[in-house]
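In case you want the letters, here they are:
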Amino acid sequence: MRRSLGKMSKKTRALGHAQRTLTPAQLTKKYAVGQDVVIRQHSRYEGMPHPRYRGRAGHITAVRGASYEVSIRDGNMKKMLIVPPVHLRPAKGE
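Anyway, here's the lowdown on the structure attached to this text. As the structure is a prediction and not an experimental result, all values here were calculated from the model.

### Side note on the pattern of salt bridges
- Scanning the entire structure with this criterion turns up 3 salt bridges.
- Residue Glu69 pairs with Arg64 through a salt bridge whose shortest N-O separation is 2.7 Å.
- Glu69 gets classed as buried once you look at its relative accessible area, which sits at 15%.
- Note on Arg64: relative accessible area 43%, which makes it partly exposed.
- Among the ionic pairs, Asp74 bridges to Lys79, the shortest N-O distance being 2.8 Å.
- With relative accessibility at 23%, the residue Lys79 sits in the partly exposed group.

Below is the structure:
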């Protein structure tokens, strides 16, 4: 039987195992619209963005439920991702 080639194929080393569970403060962190963030995935939690966006920097454009709309650039194209706060970190300059 042919093996699956889904989005998580061959990504276990790149993502690593979630080293630890996050604290409640990290799980419920609030971000402001316009704030710069970096996408950092935690494979233990749901709503993880595609691994190709790992480490990408963007800014928050809106709040959508408990998640945030993050605008990033992929080459010359602007893309909008819907990411839960558990997969976001503030950018260094913030």
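The rest of the description comes next.
### Observations regarding the nonpolar core
- Listed in full, the 11 residues of the largest apolar core are Tyr31, Val37, Ile39, Tyr53, Ile60, Tyr68, Val70, Ile72, Leu81, Val83 and Leu88.
- Going through the elements one at a time, β1 (36-39), β3 (67-74) and β4 (77-83) are the ones with two or more residues in this core.
- With 3 residues, the top contributor of residues to this core is β3.
- Setting aside chain neighbours within four positions, we find Leu81 in contact with Ile39, Tyr53, Tyr68, Glu69, Val70 and Ile72.

### Describing the packing of aromatic side chains
- Scanning the entire structure with this criterion turns up 1 aromatic pair.
- Ring centres of Tyr31 and Tyr68 lie 5.7 Å apart, and the angle between their planes is 85°; this geometry places the pair in the edge-to-face category. Residue Tyr31 is found in the loop between α2 (24-27) and β1, and its partner Tyr68 is found in strand β3; the two are separated by 37 residues along the sequence. Both residues of the pair, Tyr31 and Tyr68, count as buried.
- The ring centre of Tyr31 lies 5.6 Å from the NZ or CZ of Lys29, which sits over that ring.

What counts, and at which threshold
Residues numbered from 1 in each chain as written. Predicted model: local features only at pLDDT ≥ 70, side-chain atom pairs only at ≥ 80, totals over all residues. Heavy atoms only, no water. Salt bridge = Lys/Arg side-chain N within 4 Å of Asp/Glu carboxyl O. Buried < 20%, exposed > 50% of the residue type's maximum accessible area, 1.4 Å probe, protein only. Core = buried A, V, L, I, M, F, W, Y, C linked by side-chain atoms within 4.5 Å. Helix = DSSP H or I, 4+ residues; strand = E, 2+ residues; numbered from the N terminus. Contact = heavy atoms within 4.5 Å. Phe/Tyr/Trp six-rings, centres within 6.5 Å; stacked < 30°, edge-to-face > 60°. Lys NZ or Arg CZ within 6 Å of the ring centre and 35° of its normal.

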